[in-house]
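Observations on the model geometry
Now for the letters of each chain:
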Amino acid sequence: MAYISCPFCAMVCDDLSLPLHNRETTTPQFGCNKADQGFRSALQATRQTPLIDGEEASWEAAMKQAGSLLKGAKHPLFHGLAGDLLDSRAAIRMADHFGGSIDHLHGDAIARNLRIYQQSGWQISSMGEVRNRADLVILIGTAPEQLYPRLREKMLEGSERLHGDVPPTIRELGDDCLDLLSIVRARLAGKPVQQDIADSETLIGQINAASYPVFVIAPLPEQRAELIVRTCVGLVRDLNETRRSALLMLGAGDGDTTAQLSATWHNGFGIRTCHAKGYPEQDLQMQAGDRLLQSGEADLLVWFSSLRCDPPPAVAQPTIVFGHPAMSFTDKPPALFLPVAVPGVHRRGYLHRADGLRLVPLPALRESPLPDSGALCDQLISQEPRRC
Ligand code: SF4
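Description of the structure in this document. These figures come from a predicted structure and were not determined experimentally.

1. Observations regarding the layout of surface pockets
- Considering only enclosed or pocket space, the largest pocket measures out at about 950 Å³ in volume.
- As for the largest pocket, its lining consists of 41 residues, and the residues nearest its centre are I110, N113, W122, T257 and Q260.
- Mapped onto the lining of the largest pocket, the elements with two or more residues apiece are α4 (107–120), β10 (246–249), α11 (256–267) and α12 (289–295).
- Among the elements that take part in the lining of the largest pocket, α4 stands out by supplying 9 residues, more than any other.
- Of the residues that constitute the lining of the largest pocket, the class distribution is 20 nonpolar, 13 polar and 8 charged.

2. Some points on the sheet that holds strand β9 (residues 213–217)
- If you walk across this open sheet you meet the 4 strands as β8-β7-β9-β10, and the pairing is parallel. What marks the edges here is a single partner per strand, and that holds for β8 (169–174) and β10. Across this sheet, the average inter-strand angle for adjacent strands is 20 degrees, counted without regard to direction.
- Helix-sheet contacts for helix α9 (residues 198–209) involve β7 (136–140), β8 and β9, and the interaxial angle to β8 is about 145 degrees.

3. Re the side chain of D355
- In this fold, D355 is placed in the loop between β16 (349–352) and β17 (359–362).
- Of the residues examined, D355 reaches a relative accessible area of 10% and is grouped as buried.
- There is a polar contact of 2.8 Å between the side chain of D355 and the backbone nitrogen of M127.
- A distance of 2.8 Å separates a polar atom in the side chain of D355 from a polar atom in the side chain of R353.

4. Observations regarding the site of the ligand
- Residues in contact with the ligand, as listed here, are C6, C9, V12, C13, L16, C32, K34, A35, P149 and R150.
- Applying the majority rule of atoms within 2 Å of the grid points places the ligand in the largest cavity.
- In terms of residue class, the shell around the ligand is built from 8 nonpolar, no polar and 2 charged.

5. Topic: the packing of helix α8 (residues 178–188) against helix α10 (residues 222–239)
- Remark: α8 packs on α10, axes separated minimally by 10 Å, with the N-to-C direction vectors making an angle of 25 degrees. When the axis of α8 is compared with that of α10, the two are roughly parallel. Seen along the crossing, α8 lies across α10 with a hand that is left-handed. For the pair α8 and α10, contact is made by L178, L181, S182, V184, R185 and L188 and by L227, I228, T231, C232, G234, L235, D238 and L239, respectively.

6. Quick notes on the pattern of salt bridges
- With the rule as written, the count across this model stands at 28 salt bridges.
- The network of salt bridges with shared partners includes D15, R150, E153 and K154.

7. Describing the packing of aromatic side chains
- For the structure on display, the rule yields 5 aromatic pairs.
- Both rings, one in F8 and one in F39, keep their centres 5.1 Å apart while their planes meet at 85 degrees; by these two values the pair is edge-to-face. In this pair, F8 is assigned in the loop between β1 (2–4) and β2 (16–18) and F39 in helix α1 (residues 33–44), connecting sequence segments 31 residues apart. Here the two residues F8 and F39 agree in accessibility, since each one is buried.
- Ring geometry for Y117 against W122: centres 5.5 Å apart, planes inclined by 45 degrees, an arrangement best described as tilted.
- For Y117, a relative accessible area of 44% gives the class partly exposed.
- Pairwise contacts between aromatic rings join F8, F30 and F39 into one cluster.
- Above the plane of the ring of Y212 lies R244, whose end atom (NZ or CZ) is 4.2 Å from the centre.

8. Thoughts on the sheet that holds strand β14 (residues 319–323)
- Taken in spatial order, the 9 strands line up as β4-β3-β15-β14-β13-β5-β6-β11-β12 in an open sheet, and their pairing is mixed. With partners counted over all chains shown, the strands left at the sheet margins are β4 (55–56) and β12 (281–282), one partner each.

What counts, and where the lines are drawn
- Residues numbered from 1 in each chain as written.
- Predicted model: local features only at pLDDT ≥ 70, side-chain atom pairs only at ≥ 80, totals over all residues.
- Heavy atoms only, no water.
- 1 Å grid on protein atoms, 1.4 Å probe; cavity = no way out; pocket = protein on both sides within 12 Å on 5 of 7 lines; lining within 4 Å.
- Points joined across faces, edges and corners; volume = space filled by probe spheres on them.
- Helix = DSSP H or I, 4+ residues; strand = E, 2+ residues; numbered from the N terminus.
- Nonpolar A, V, L, I, M, F, W, Y, C, P; charged D, E, K, R; others polar.
- Pairing = 2+ DSSP bridges.
- Axes fitted to C-alpha atoms, helices over the stretch in contact; angles between N-to-C directions.
- Contact = heavy atoms within 4.5 Å.
- Buried < 20%, exposed > 50% of the residue type's maximum accessible area, 1.4 Å probe, protein only.
- Polar contact = N/O pair within 3.5 Å; in protein donor to acceptor, adjacent residues only side chain to side chain.
- Near = heavy atom within 4 Å.
- Sits in = over half its atoms within 2 Å of the grid points.
- Parallel < 35°, antiparallel > 145°, perpendicular 65-115°, else oblique.
- Left-handed = near helix turned anticlockwise from the far one by under 90°.
- Salt bridge = Lys/Arg side-chain N within 4 Å of Asp/Glu carboxyl O.
- Phe/Tyr/Trp six-rings, centres within 6.5 Å; stacked < 30°, edge-to-face > 60°.
- Lys NZ or Arg CZ within 6 Å of the ring centre and 35° of its normal.

Pasting the structure below:
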């Protein structure tokens, strides 16, 4: 039996098993639909040749074209970053060499959480601590069980807990819970509320009865997210005045935690950082990928997406894609498409788990002729002098 890690959601489960004689299978079954679909899509992908403007081209011609697009760009944007640690590092090296900016596909959520953290700080928990210690989990967000299919099995319902045998009480609030959370926070602080919600009494009772309530936050609709997260941060801070409580931000996956942590390690700030002046400069608003593209400040989009098959956004700028080999284009194809190895399937890799506390190794499932984005980026960097 071989153990495999799964890169297809923020949980990064490292306990999937595949009988050794099935290593060549293209239809793996792991008991998680999202994992099955992710592995199947990568294993069944056949594209191994690059595309220039949608037409098949040799690797030599494609790399020459990539070098020429990068050389001609005044401000390239290295974006998407839906990959593993090696993909993120490659994108950051490119931004540093060619004087561009970096952002992530889920940059809005990463930037919002970073802003809240920078302004007020927060008290967070880990997946292991929730599994082993929390006795009340208040689950907030949009369809968490679709995003993380094994959330209950791995974190919420495990009977083998280090500190007690009883799984935590789960209270699901969905994503439309700002009023309820605000009222609960006010009432717990002994403040008057203008209009109460019937449900607040029950939630207050559950929080008061718990020794360690944890607010687990999955992705939220953008228009509600900031206030909900800020309210939870405040609630947890209030509760910690007299006892113990914590937050756990699960993220959306697609390498979001990995991109932010590896960028922070390499440039000191994280995503939404510009490398054009020869030193890194972060601005969570001005360096937003969408803004740079819409304003025309970025004149080349370099999109990294080794984990997702979706094409990059349609933009006016020429686009180079380091992409999943099953990626297809129904609209205008990018100026250049370079199919790359999927981490954890065609090559080994590393991915940070949702809580950012563990870097999970991703063994390769099978040998593949597909190149990895890091090697391609190194080749491009060696072909052109450093910009700044
Ligand atoms: S829950 Fe997520 S990480 Fe775990 S097996 Fe399913 S898709 Fe993979």
